[in-house]
Amino acid sequence: MEEFEAKMLFAGQLYEKGKVSLGQAADIVGISKRSFIEIMRRFGFRVFNYSVEEVEHDIRVALGY
(Lines give C-alpha, C1' and ligand atoms only; values in the text may rest on other atoms or scores of the structure.)
Protein backbone atom coordinates (compact mmCIF):
# COMPACT_ATOMS: atom_id res chain seq x y z
CA MET A 1 0.00 0.00 0.00
CA GLU A 2 1.30 3.42 -0.89
CA GLU A 3 1.71 6.16 1.70
CA PHE A 4 -1.03 8.27 0.09
CA GLU A 5 -3.53 5.40 0.22
CA ALA A 6 -2.70 4.69 3.85
CA LYS A 7 -3.19 8.34 4.76
CA MET A 8 -6.50 8.48 2.87
CA LEU A 9 -7.82 5.39 4.65
CA PHE A 10 -6.71 6.68 8.04
CA ALA A 11 -8.05 10.20 7.52
CA GLY A 12 -11.29 8.93 5.97
CA GLN A 13 -11.99 6.67 8.93
CA LEU A 14 -11.28 9.46 11.40
CA TYR A 15 -13.57 11.80 9.47
CA GLU A 16 -16.44 9.30 9.22
CA LYS A 17 -16.21 8.64 12.96
CA GLY A 18 -16.37 12.38 13.66
CA LYS A 19 -12.91 12.45 15.23
CA VAL A 20 -11.57 15.11 12.84
CA SER A 21 -13.10 17.80 10.64
CA LEU A 22 -13.00 17.67 6.87
CA GLY A 23 -10.15 20.19 6.85
CA GLN A 24 -8.18 18.24 9.43
CA ALA A 25 -8.62 15.02 7.45
CA ALA A 26 -7.39 16.77 4.29
CA ASP A 27 -4.39 18.10 6.24
CA ILE A 28 -3.50 14.57 7.38
CA VAL A 29 -3.31 13.51 3.75
CA GLY A 30 -1.62 16.74 2.67
CA ILE A 31 -4.21 17.83 0.11
CA SER A 32 -6.91 20.50 -0.16
CA LYS A 33 -10.40 19.96 1.24
CA ARG A 34 -11.80 19.97 -2.28
CA SER A 35 -9.38 17.25 -3.40
CA PHE A 36 -10.10 15.22 -0.28
CA ILE A 37 -13.84 15.37 -0.96
CA GLU A 38 -13.35 14.34 -4.59
CA ILE A 39 -11.11 11.39 -3.68
CA MET A 40 -13.12 10.14 -0.67
CA ARG A 41 -15.66 8.31 -2.79
CA ARG A 42 -12.98 6.27 -4.54
CA PHE A 43 -11.99 4.98 -1.10
CA GLY A 44 -15.57 4.15 -0.11
CA PHE A 45 -16.14 7.07 2.24
CA ARG A 46 -19.10 9.42 2.36
CA VAL A 47 -18.78 13.16 2.76
CA PHE A 48 -22.16 13.44 4.46
CA ASN A 49 -22.97 10.98 7.20
CA TYR A 50 -26.67 11.76 7.50
CA SER A 51 -29.44 9.22 7.16
CA VAL A 52 -32.58 10.05 5.19
CA GLU A 53 -34.50 10.31 8.45
CA GLU A 54 -32.02 12.83 9.88
CA VAL A 55 -32.24 14.98 6.76
CA GLU A 56 -36.05 14.86 6.79
CA HIS A 57 -36.06 15.81 10.47
CA ASP A 58 -33.72 18.75 9.88
CA ILE A 59 -35.91 19.97 7.02
CA ARG A 60 -39.05 19.76 9.17
CA VAL A 61 -37.33 21.67 11.99
CA ALA A 62 -36.03 24.33 9.59
CA LEU A 63 -39.53 24.77 8.13
CA GLY A 64 -41.18 24.84 11.56
CA TYR A 65 -43.13 21.58 11.23
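Scoring rules and cut-offs
- Residues numbered from 1 in each chain as written.
- Predicted model: local features only at pLDDT ≥ 70, side-chain atom pairs only at ≥ 80, totals over all residues.
- Heavy atoms only, no water.
- Helix = DSSP H or I, 4+ residues; strand = E, 2+ residues; numbered from the N terminus.
- Expected span 1.5 Å × (residues − 1).
- Contact = heavy atoms within 4.5 Å.
- Patch = residues over 30% accessible without salt bridge, like charges linked within 9 Å, V, L, I, M, F, W, Y side chains within 5 Å.
- Areas by Shrake-Rupley, 256 points an atom, 1.4 Å probe, with all protein chains shown as cover.
- Salt bridge = Lys/Arg side-chain N within 4 Å of Asp/Glu carboxyl O.
- Buried < 20%, exposed > 50% of the residue type's maximum accessible area, 1.4 Å probe, protein only.
- Core = buried A, V, L, I, M, F, W, Y, C linked by side-chain atoms within 4.5 Å.
- Axes fitted to C-alpha atoms, helices over the stretch in contact; angles between N-to-C directions.
- Parallel < 35°, antiparallel > 145°, perpendicular 65-115°, else oblique.
- Left-handed = near helix turned anticlockwise from the far one by under 90°.
- Nonpolar A, V, L, I, M, F, W, Y, C, P; charged D, E, K, R; others polar.

Engineer: How should I be thinking about helix α1 (residues 3-16) in this particular structure?
Structural biologist: Residues spaced three or four apart along an α-helix point in a common direction, a consequence of the helix completing one turn every 3.6 residues. With 14 residues, α1 should cover 20 Å at 1.5 Å per step; its first-to-last C-alpha distance of 20 Å lies within 8% of that length. In the core, the buried residues of α1 are packed alongside α2 (22-29) and α3 (33-40). The positive-phi residue at the C-terminal boundary of α1 is glycine 18, with phi of around 80°.

Engineer: Where do I start with a nonpolar patch on the surface in this structure?
Structural biologist: Side chains of Val55, Ile59, Leu63 and Tyr65 sit close together on the surface and give an oily, nonpolar patch of about 460 Å² of accessible area. Assignment of secondary structure puts isoleucine 59 in helix α4 (residues 52-63). For isoleucine 59, a relative accessible area of 45% corresponds to the partly exposed category.

Engineer: It is not clear to me how the nonpolar core should be interpreted in this structure. Could you clarify?
Structural biologist: Taken as a class, soluble globular proteins show a tendency for nonpolar side chains to be buried jointly. Of all hydrophobic cores here, the largest spans 14 residues; its most connected members are Met8, Tyr15, Ala25, Phe36 and Met40. Of all the secondary structure elements, the ones that give two or more residues to this core are α1, α2 and α3. Sequence-distant contacts of phenylalanine 36, defined by excluding residues within four places in its chain, comprise Met8, Ala11, Gly12, Leu22, Ala25, Ala26, Val29 and Ile31.

Engineer: Is there a simple way to explain the packing of α1 against α2 in this structure?
Structural biologist: Geometry of a packed helix pair, given as the angle between the helix axes and the separation of the axes. For the pair α1 and α2, interaxial distance at closest approach is 8 Å and the crossing angle is 165°. One element, α1, and the other, α2, form an angle in the roughly antiparallel class. Both α1 and α2 take part in a crossing whose hand is right-handed. When α1 is examined against α2, the residues Phe4, Lys7, Met8, Phe10, Ala11, Leu14 and Tyr15 are found in contact with a partner set consisting of Leu22, Ala25, Ile28 and Val29. Here the residues of the contact of α1 with α2 are counted per class, giving 10 nonpolar, no polar and 1 charged.

Engineer: Which parts of the structure should I look at to understand the packing of α1 against α3?
Structural biologist: One way to put it is that α1 packs onto α3 with a least axis distance of 11 Å and a crossing angle of 90°. Classified by the interaxial angle, the pair formed by α1 and α3 is roughly perpendicular. Residues Phe4, Met8, Ala11, Gly12 and Tyr15 of α1 pack against Phe36, Ile39 and Met40 of α3. Its residues assigned to classes, the contact of α1 with α3 shows 7 nonpolar, 1 polar and no charged.

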